[in-house]
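# Working through the structure, step by step
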Amino acid sequence: MNDLTPDREERSAGLKGLGCSRKRVEDARFTQGKGNYVDDVKLPGMLHGDFVRSPYAHARVVSVNKDAALALDGVVAVLTAEDLAPLNLHWMPTLAGDKQMVLADGKVLFQGQEVAFVVARDRYVAADAVELVEVEYEELPVITDPFESLKSDVVLREDLAGQTEGPHGPRKHHNHIFTWEQGDETATNQVLDGAEVVATESMYYHRTHPCPLETCGSVASMDKVNGKLTLWGTFQAPHVVRTVASLLSGIEEHNIRVISPDIGGGFGNKVGVYPGYVCSIVASIVTGQPVKWVEDRMENLMSTAFARDYWMTGKIAATKEGKITGLHCHVTADHGGFDACADPTKFPAGFMNICTGSYDIPVAYLGVDGVYTNKAPGGVSYRCSFRVTEAVYFIERMIEVLAIELNMDAAELRRINFIKKEQFPYQSALGWEYDSGDYHTAWDKALKTVDYEGLRKEQADRVEAFKRGETRKLMGVGLSFFTEIVGAGPVKNCDILGMGMFDSCEIRIHPTGSAVARLGTISQGQGHATTFAQILASEIGLSADSITIEEGDTDTAPYGLGTYGSRSTPVAGAAAAMAGRKIRAKAQMIAAYLLEVHDDDVEFDVDRFAVKGAPERFKTMKDIAYAAYNQAIPGLEPGLEAVSYYDPPNMTYPFGAYVCVMDIDVDTGVPEIRRFYALDDCGTRINPMIIEGQVHGGLTEALAVALGQEISYDKMGNVKTGTLMDFFLPTAWEVPNYETDYTVTPSPHHPIGAKGVGESPHVGGVPCFSNAVQDAFRAFGLRHTNMPHDHWRIWQTANDLGLHE
Amino acid sequence: MSDKMHIKLNVNGEDHEFLAEPRDLLIYALREKLNITGPHVGCDTSHCGACTVTVDGKSVKSCTMFVAQANGAEITTIEGIGQPDALHVLQESFREHHGLQCGFCTPGMITRATKLLEENANPTEEEVRFGMAGNICRCTGYQNIVKSILAVASELNSAKEAAQ
Ligand code: FES
Ligand code: FES
């Protein structure tokens, strides 16, 4: 027996636990076309729903005539607000504490707003019927600019007229939503007034959209015989959807089953609750048949949640040597027609107050004003924790602008202001406690790897060559150093509609030593079935290959708050580890009983418990699992199961250092990314292969946002970028290869030290690409220009600087 | 609505006959009439390639072809490219090199890649990037997709060389 025992390392490798680039278990079905996405759900008698949408951005709905549509063969129902009103479903609460029309109730507030819901035999008939619904509109003045909105006499939200108090405090104007203030404005202004140097800049972080490849959709099936509603859908938070559906419909929560099947990417788009989900439920209740609703790409871009749209003004104070002494930030936030931000309730501007970034800034102030306009509602975190992308873009631009003001190197300016390793846990001026970090080490490693000094030398030579007329290409060196704040979050801070943002894991060990674990999260491509099994493998000593992970079915999974804001690993990952530890604690007692020693005399060793000092006397976790079900153990209940609900003590703070080298053709405005280096520190690394994949993906979405992706409107409120013809999604042809690197600074409060990584590359990537473009023109006097830096805008910048003369 | 047409297709080696309207798109015929749900719908403008299938030997975005135009054709979808016990090398390679995340683009990607490697058995990285530019992925950033395809190309080529 003894000599057959494989050595520790081998046993450990066999588990495929933490740190292993385990191949993904999801891939077998996805590579064979056997994924099950919501549009693949097909039920007997299923009907198709489709929306009549408003062509106007602001209009009164005078009448809706359904007769012609209802007369069409195959049309089963046409629902309007009037039909939903008796059920009190014509409006629904938003996650941000506002309410939103499900179907136009008297007026429309943005182009593409849902006016009527047609239910028909198949998608073609439904689309035909949409054309036959006659809606009479009376146009109203359109406001697409938040500053204009705050001055306008036009009342956008008539339902709120006269209400001077909103869910987040006083409203200053009928189109104003909230003011949110953090930090000390008086002290900040004093510092600014007395500062040696102050740099001021205004910047617009344009509106964009997460645009996952799969659009949003749902299938509702109301079984009138047993009173049960089953709802499949693209939900990043299935349990929250169940609770909301119950509150809205009056159906008791145990009679609702919400299933998130495979999800074709989310990136924040699938956090919110959309009218289509509600309408599919109502339509199924009304018709008694299952109803499917899947939006098309245009509907997706025009109506389901946008991201960003922040007008930010900053003032940064510093000494002549570059030591930052204070920061002031004001944001005018365009939320569109309804405040449907997917933020935890207490943070109407998300975690925008992480805008002091990675720097030790003693005093700061942040003020955010939310405003209604005639644009689509929302404000989701597009591949970032709530509003962190905006915050990091803001500070990383302010640093660049300050560097220009001081005539200093931007890398050095960052270095002298970083929070130092020994300052962690660090209390920021705007109220966060950063858990851990080692910024200087990461920064130095990044700069050394890319030969930063060499790059600056080359850049200076290039400028000279350009001036001599030897080249028409300028070179930009983009820098960014970011600190993310993820893992929402401590229940004391974070809740969604009153539900604390904990997460959960339940594990059942089977007698033969395999297991199933269920979590309250849901993968949208992150590979949870692979990585959560790895966390558990290391905790409970069974191979990851013997552990099935299930998510997304509210009938089986414990209550959880879902997957977004990089919260799965920090919160559900922690719950998994804690549940694993409960299993291990019971396993220890079983092992001690089997080995006939005291509980304290056995110790855990990779995949077994062994008697201390006598490693040849052991019971493997497999033996223990079997015994748990097949032996009466005095004082212990049979079975081996555990559940853990994890309320994190703090958020986690991943960070990273990125460098982008770009060549820009001043005559065509085309940027060419020569090199992109990304160093990420996400604490303990669970699966390096998956981390790398997340970084590639996040950087590519960052490239898109920085270099061209935009939801833009004309003055009439028409969406100008509503299809993939105008909305930029990079292809393989436009995307470079990325170099990835890492340091490891574990989170001190997370059970396994992990911090989350899915969104870091987007958060850090956007300012890095943008800084690269802007840096190319620094030598010619550019201070700041707004994204997206598409070819035309870059050309325009060059032109404005006189580089075409 | 006009009269239905009698359509015959051979999909993944199996013959199918059914009625369809002239306006029915190939993608919906596959997905909704034949329950072949590997090819997906990601856009309405022929940009994303999630719906890519092979029609009579050519890569086709099946959202951009009426089923009537495909009448009588031989069609291969992701379901016909490999079998659970005999995966196509590209299917293996995408898994090996982490060339997919949410999986929504993957059927179109792999289907297109099979053709790409037939069109050009020994592509450069540039040629792979250009040849795959009709297929959008929102998750992977393409780096590992390109790697997956190049790995297969070099594997096939060294096998060929060894055989010669
Ligand atoms: S569905 Fe996008 S190209 Fe066919
Ligand atoms: S893997 Fe998600 S779109 Fe490609």
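All chains use their own residue numbering, which begins from 1 and follows the written sequence. Starting at A for chains and at 1 for ligands, labels are handed out in the order in which the entities are written. Selection of residues for local features in this predicted model requires a pLDDT of at least 70, selection of side-chain atom pairs for listing and counting requires 80 or more, and totals for whole chains, interfaces and linings are taken over all residues. Side-chain calculation: all heavy atoms of the structure are included, whereas hydrogens and water are not.

## A closer look at the packing of aromatic side chains
All names here are of chain A. Stacked, edge-to-face and tilted are the three classes for Phe, Tyr and Trp ring pairs, Trp counted by its six-membered ring, which pair at centre distances within 6.5 Å; planes under 30 degrees apart are stacked, over 60 edge-to-face, the rest tilted. Taken as a whole and judged by the stated rule, the model has 38 aromatic pairs over all chains. Taking the centre distance of 5.0 Å and the plane angle of 20° together, the rings of Tyr434 and Tyr653 count as stacked. Separated by 219 residues along the polypeptide, Tyr434 in strand β22 (residues 433–434) and Tyr653 in the loop between β32 (641–646) and β33 (655–665) bring together distant segments of the chain. Considered together, Tyr434 and Tyr653 belong to a single accessibility category, that of buried residues. Through successive ring pairs, a cluster of aromatic residues spans Tyr359, Phe418, Phe424, Tyr439, Trp443, Phe481 and Phe655. To sit over a ring, a charge needs its Lys NZ or Arg CZ within 6 Å of the ring centre and within 35 degrees of the ring normal. The cationic tip of Lys445 hangs over the ring face of Tyr742; the distance from NZ or CZ to the ring centre is 5.8 Å. Over the face of the ring belonging to Phe618 we find Arg608, whose NZ or CZ atom lies 4.0 Å from the ring centre. Helix and strand definitions here come from DSSP, where helices need a minimum of 4 consecutive H or I residues and strands a minimum of 2 consecutive E residues; each element is numbered from the N-terminal end. Burial status follows relative accessibility: with a 1.4 Å probe on protein chains alone, a residue under 20% of its type maximum counts as buried, one over 50% as exposed, and anything between as partly exposed.

## Here's the deal with the sheet that holds strand β34 (residues 671–681) of chain A
Residue and element names in this part refer to chain A. Judged by pairing direction, the sheet is mixed, and its 4 strands sit side by side in the order β23-β33-β34-β35 without closing on themselves. Since the sheet does not close on itself, it has two edges, and those belong to β23 (473–483) and β35 (739–742), each with one partner. Put simply, the sheet's adjacent strands are angled 15° from each other on average, direction ignored. DSSP calls a pair of strands paired once it identifies at least 2 bridges connecting them. Relative to β33, β23 is paired through 11 bridges, and the arrangement is antiparallel. Paired with Lys473 across the two strands is Asp665, which belongs to β33. Lines fitted to C-alpha atoms define the axes, with helix axes restricted to the stretch in contact, and inter-axis angles between N-to-C directions lie between 0 and 180 degrees.

## Quick notes on the pattern of salt bridges
Salt bridges are defined by distance alone: a side-chain nitrogen of Lys or Arg within 4 Å of a carboxyl oxygen of Asp or Glu. For the structure on display, the rule yields 69 salt bridges over all chains. Arg8(A) serves as the salt-bridge partner of Asp605(A), at 2.5 Å between the closest nitrogen and oxygen. With a gap of 597 residues between them, Asp605(A) in strand β29 (residues 602–605) and Arg8(A) in helix α1 (residues 8–15) connect regions that are remote in the sequence. Relative accessible area serves as the criterion here: at 14%, Asp605(A) is assigned to the buried category. Taken together, the shared-partner salt bridges in this structure form one network comprising Asp39(A), Asp40(A), Arg123(A), Lys292(A), Arg31(B) and Glu32(B).

## Observations concerning the pairing of strand β15 (residues 256–259) of chain A
Residues and elements named next belong to chain A. In this structure, strand β14 (residues 228–233) lies alongside β15, joined through 4 bridges in parallel fashion. Bridging from a neighbouring strand, Leu231 pairs with Val258 of β15. Regarding the hand of the β-α-β motif, the stretch spanning β14, helix α8 (residues 238–249) and β15 is right-handed. Look down the strands so they point away from you; if the path from the first strand over the helix to the second goes clockwise, the crossover is right-handed.

## Digging into the domain arrangement of chain A
All names here are of chain A. What counts as a domain boundary in this text is fixed by an automatic or database domain assignment. Once the domains are mapped, chain A shows domain 1 (8–35 + 503–646), domain 2 (38–140 + 215–263 + 270–303) and domain 3 (387–487 + 651–800). In this structure, domain 2 and domain 3 have C-alpha centres spaced 39 Å apart. In this assembly, 8 residues from domain 2 lie in contact with 10 residues from domain 3. Each polar contact in these results corresponds to two N or O atoms within 3.5 Å; when the atoms are within protein, one needs to be able to donate a hydrogen and the other to accept it, and residues that are neighboring in sequence are counted only if both atoms are side-chain atoms. Scanning the region where domain 2 abuts domain 3 turns up 2 residue pairs in polar contact (both at pLDDT 80 or more). The leading source of residues in the side of domain 2 that touches domain 3 is helix α10 (residues 297–303), at 4 residues. Taken together, the residues that form the side of domain 2 that touches domain 3 break down as 5 nonpolar, 1 polar and 2 charged. Residue contacts follow a heavy-atom distance rule, with two residues in contact if any of their heavy atoms lie within 4.5 Å. Each residue is assigned to one of three groups, with Ala, Val, Leu, Ile, Met, Phe, Trp, Tyr, Cys and Pro labelled nonpolar, Asp, Glu, Lys and Arg labelled charged, and all others, Gly among them, labelled polar.

## Thoughts on the interface of chain B and chain A
Taken together, the contact pairs 50 residues of chain B with 56 residues of chain A. The contact between chain B and chain A buries some 4,700 Å² in all, and 53% of this surface belongs to carbon and sulfur atoms. Using a 1.4 Å probe, buried area is obtained as the accessible area two parts lose upon being combined, added over both of them. The three residues of chain B that bury the most area against chain A are Arg95(B), Arg138(B) and Gln143(B), which together make up 17% of that side's buried surface. Where chain B meets chain A, there are 6 salt bridges. In this structure, Arg123(A) and Glu32(B) form a salt bridge, with 2.5 Å as the shortest nitrogen-oxygen distance. One can count 28 residue pairs in polar contact (both at pLDDT 80 or more) joining chain B with chain A. Counting residues per element, the ones that place at least two in the side of chain B that touches chain A are α1 (26–33), α2 (89–96), α3 (106–119), α4 (125–131) and α5 (143–163) of chain B. Considered class by class, the residues forming the side of chain B that touches chain A number 21 nonpolar, 17 polar and 12 charged.

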